[in-house]
Amino acid sequence: MFHLSITQEQQSLIRQGKPLLWLNRQYQDSSSAPAKPDVLSIYEAEARLARFAPLLSQLFPELAVSDGIIESPLMPAPHLHQAITPMGARTLIKADHSLPVAGSIKARGGIHEVLCFAEQLALDHQALKDIHDDYQKLLQPEVRSLFGQYEIAVGSTGNLGLSIGIIGAALGFQATVHMSIDAKEWKKERLRKRGVKVIEHNADYGAAVAAGRAEADANPRSYFVDDENSPRLFMGYAVAALRLKAQLEEQQISVDSDHPLFVYLPAGVGGAPGGITFGLKAMFGEHVHCFFAEPVQAPCMLLGMAGRPSAEPVSVYEFDLTIDTEADGLAVGQASQWVCDAIRDQLAGVYTAEDAALYQHLLQLKRLENIEVEPSAAIGCLGPQMLNTPEARAWIRDHQLDEVMDKSTHLIWTTGGSFVPREEYQAFIDKAIRYI
Ligand SMILES: *Cc1c(COP(=O)(O)O)cnc(C)c1O
């Protein structure tokens, strides 16, 4: 029926909402990738974030310590390593759950895209002479009133809305967030308090995006951040790879043919984990192996990556799934075609997990490493165990990695959580305890 590179047995697991590991047959086969984005764009995004850094540290006092750079720590996770990693030298956590300003991985791409728009607008209206000008000029009342004539809009399951709404409002734009039905109430409340217009849709993420896009199209002064189709978001996310490379060097952790790096990334529509994969491949080439993780009810990137190049990704609804998951950041029914094509030959595979497993790992992260995340962000913890399955072991042999597995590094990307209100987090813990 569909042209999917997924065995019948796996298709039946998907349909039943059961977990599985899918391995990408087009991995490291560059002929399968239609048009690759330009690696130089990653450096352009990094330079843009640096230009805006002095302004950002004025707008967000929490950025004073990092001189306006939004970054998260790379943390060793020795206890988690003991508990979950059956092979490998160490387990690390890339702590985007504590990313300042937006509290999730969406701070990377979302803020970058709004800065792209603000920069262009300021240049067009001579509010900035050129890109070497002092960006703190954008705080002046004349510039804020210019920005105030424009709207920035987005469709979101919650976290992208938070990121775009917070930066948009901080710069003086009118900000409108179209929230899907999965979005948590506290995320909407937090935005409303900042003067962001929140439009609630009684429909899924794809429908919220479509409604937002249509409304923004009708308003010439509206800029729509299109999560399904955005090189600007993607490149903002990709900057994480440059930063991670520096952090690994600082901690004297090698990534080379003797020391492969495995990275486990929660995936929704694909932009955040896709941008990071693209960036990491640019940094480490064949020595890094990225796996995406999705809820069993929303394996949209799995279906997208298993489809044909330049074809519309198959939706999870075709497999009678519901997108019903507590992992609101990952509750997406159809992947971004643009992202699938950009990383067609770069993604090693995708695994899926049940919500119960996410809660177990949410609790484990708290108990073993004192890290507090939202359910979406716990899914990466299943990565190392997934590599211990027979099909993954065969994959490791096929890629001549078995001899170096004991020297490998496993990196779990925790993508959101530090903004979760206390009572909400306690409810996650209570639920996790009930699942055990
Ligand atoms: C959005 C999100 C992701 C995935 O990012 P996509 O760009 O949608 O693939 C992962 N974790 C959290 C917490 C998120 O909010």
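Please read these numbers as outputs of a predicted model, since none were measured by experiment.

**Some thoughts on the UniProt feature "modified residue: N6-(pyridoxal phosphate)lysine" (unreviewed entry) in the chain**
Point 1. If you check UniProt for "modified residue: N6-(pyridoxal phosphate)lysine" (unreviewed entry), the listed places come out as Lys106 in our numbering.
Point 2. Positionally, lysine 106 belongs in helix 4 (residues 106-124).
Point 3. Judged by relative accessible area, which is 13%, lysine 106 ranks as buried.
Point 4. Excluding residues within four positions of it along the chain, lysine 106 makes contact with Ile111, Asn159, Leu160, Ser163 and Tyr237.

**Here we look at the site of the ligand**
Point 1. Around the ligand, a shell composed of 15 residues is seen, among which Lys106, Asn159, Gly268, Gly270 and Thr415 lie nearest.
Point 2. For the ligand, an oxygen atom lies 2.7 Å from a polar atom in the side chain of asparagine 159.
Point 3. Between the ligand and the protein, one listed contact pairs an oxygen atom with a backbone N or O atom of glycine 268 at 2.7 Å.
Point 4. A total of 380 Å² of accessible area belongs to the ligand in isolation, and the protein chains cover 98% of it.
Point 5. A total of 3 residues in the shell around the ligand trace back to one element, the largest contributor, which is helix 10 (residues 271-284).
Point 6. Of the residues that constitute the shell around the ligand, the class distribution is 6 nonpolar, 8 polar and 1 charged.

**Some details on the UniProt feature "domain: Tryptophan synthase beta chain-like PALP" (unreviewed entry) in the chain**
Point 1. In the UniProt entry, the feature "domain: Tryptophan synthase beta chain-like PALP" (unreviewed entry) is given for residues 65-380.
Point 2. Helix makes up 42% of residues 65-380 and strand 16%, and the two end C-alpha atoms of the span are 28 Å apart.

**Quick word on the domain arrangement of the chain**
Point 1. Each assigned domain of the chain is listed with its residue range as follows: domain 1 (8-39 + 63-102 + 235-435) and domain 2 (105-231).
Point 2. On a C-alpha basis, the centres of domain 1 and domain 2 stand 26 Å from each other.
Point 3. In this assembly, 33 residues from domain 1 lie in contact with 26 residues from domain 2.
Point 4. Counting the surface lost from both domain 1 and domain 2, the interface buries some 2600 Å², and carbon and sulfur atoms represent 59% of this.

**Topic: a nonpolar patch on the surface**
Point 1. Taken together, the side chains of Val39, Leu40 and Tyr43 define a hydrophobic patch exposed on the protein surface, amounting to about 270 Å² of accessible area.
Point 2. Residue placement: valine 39 occurs in the loop between strand 1 (21-23) and helix 2 (40-59).
Point 3. The partly exposed category is assigned to valine 39, whose relative accessible area is 35%.

**Let's talk about the pairing of strand 7 (residues 222-225)**
Point 1. Of the two faces of strand 7, the one carrying Ser222 and Phe224 and the one carrying Tyr223 and Val225 are both buried.
Point 2. For strand 4 (residues 151-156) and strand 7, the ladder comprises 4 bridges, and the chain directions are parallel. Its bridge partner being in strand 7, isoleucine 152 is matched across the sheet by tyrosine 223.

**Points about the sheet that holds strand 11 (residues 409-414)**
Point 1. As summarised here, the arrangement of the 7 strands in space is 1-10-9-8-11-3-2, forming an open sheet in which the pairing is mixed. Edge strands, defined here as strands with exactly one partner in the open sheet, are strand 1 and strand 2 (74-76). Averaged over all pairs of adjacent strands, the angle between strand axes in this sheet comes to 25°, irrespective of strand direction.
Point 2. Here strand 8 (residues 261-266) runs beside strand 9 (residues 288-295); their pairing, made up of 6 bridges, is parallel. Looking across to strand 9, one finds that leucine 265 is bridged to phenylalanine 292.

**As for helix 13 (residues 355-369)**
Point 1. A rise of 1.5 Å per residue sets the reference length of helix 13, with its 15 residues, at 21 Å; its end C-alpha atoms lie 21 Å apart and thus fit the reference within 8%.
Point 2. Of all the positions in helix 13, only Asp355, Ala357, Leu358, Tyr359, His361, Leu362, Leu363, Leu365 and Glu369 are classed as buried.
Point 3. After helix 13 finishes, the residue asparagine 370 shows a positive phi value of roughly 55°.

**Describing the packing of aromatic side chains**
Point 1. Throughout the structure, instances matching the rule amount to 13 aromatic pairs.
Point 2. Aromatic pair phenylalanine 52 and tyrosine 135: ring centres 4.8 Å apart, planes at 90°, arrangement edge-to-face. One end of the pair, phenylalanine 52, is in helix 2; the other, tyrosine 135, is in the loop between helix 4 and helix 5 (141-147), and 83 residues separate them in sequence.
Point 3. Owing to a relative accessible area of 3%, tyrosine 135 belongs among the buried residues under this scheme.
Point 4. Judged by centre distance (4.4 Å) and plane angle (20°), the rings of phenylalanine 117 and tyrosine 223 are stacked. Pair noted here: phenylalanine 117 is in helix 4 and tyrosine 223 is in strand 7, with a separation of 106 residues, a long-range link. Here phenylalanine 117 and tyrosine 223 have matching classes, each one buried.
Point 5. Grouping aromatic residues by their ring pairs yields a cluster made of Phe117, Phe147, Tyr150, Phe173 and Tyr223.
Point 6. One cation-aromatic arrangement involves arginine 15 over phenylalanine 319; the distance from NZ or CZ to the ring centre is 4.7 Å.

Criteria and cut-off values
Every chain begins its residue count from 1, and numbering advances along the sequence as written. Per-residue local features are limited, in this predicted model, to residues with pLDDT of at least 70; the limit for side-chain atom pairs, both in listing and counting, is 80 or more; totals at the level of whole chains, interfaces and linings are taken over all residues. Heavy atoms from the whole structure form the basis of all side-chain values; hydrogens and water molecules are not counted. UniProt positions are given in the numbering used here, feature names are shortened, and annotations may be inferred rather than shown by experiment. Runs of E in the DSSP output that reach at least two residues are strands. Runs of H or I that reach at least four are helices, and both are numbered from the N terminus. For every residue, the accessible area obtained with a 1.4 Å probe (protein chains only) is divided by the maximum for its type, and the residue is called buried under 20%, exposed over 50%, and partly exposed between those limits. The contact definition used throughout considers only heavy atoms, calling two residues in contact when any of these lie within 4.5 Å. We define proximity as follows: a residue is near a molecule or strand when any one of its heavy atoms falls within 4 Å of that partner. The term polar contact refers here to a pair of N or O atoms within 3.5 Å; inside protein, the definition further demands a hydrogen-donor-capable atom paired with an acceptor-capable atom, and it admits residues adjacent in sequence only when both atoms are side-chain atoms. Per-residue and other accessible areas were derived by the Shrake-Rupley procedure at a 1.4 Å probe size, with only the shown protein chains allowed to occlude residues. Classification convention: Asp, Glu, Lys, Arg as charged; Ala, Val, Leu, Ile, Met, Phe, Trp, Tyr, Cys, Pro as nonpolar; all other residues, Gly among them, as polar. Domains are outlined according to an automatic or database domain assignment. Two parts placed together each lose some accessible area; with a 1.4 Å probe, that loss summed over both constitutes the buried area. Two distance rules govern patches: like charges are joined within 9 Å, and nonpolar side chains (Val, Leu, Ile, Met, Phe, Trp, Tyr) within 5 Å, applied only to residues with over 30% relative accessible area and no salt bridge. We define a salt bridge as a contact between a side-chain nitrogen of Lys or Arg and a carboxyl oxygen of Asp or Glu at a distance within 4 Å. For two strands to count as paired, DSSP must find a minimum of two bridges between them. Axis definition: a line fit to C-alpha positions, over the contact stretch in the case of helices; interaxial angles, taken between N-to-C directions, run 0 to 180 degrees. Take the number of residues in a helix, subtract one, and multiply by 1.5 Å to get its expected span. Side-chain rings of Phe, Tyr and Trp, where Trp is taken by its six-membered ring, are said to pair if the distance between their centres is within 6.5 Å; with planes under 30 degrees apart they count as stacked, over 60 as edge-to-face, and otherwise as tilted. Here, over-ring charges are defined by two tests on the NZ atom of lysine or the CZ atom of arginine: distance to the ring centre within 6 Å, and angle to the ring normal within 35 degrees.

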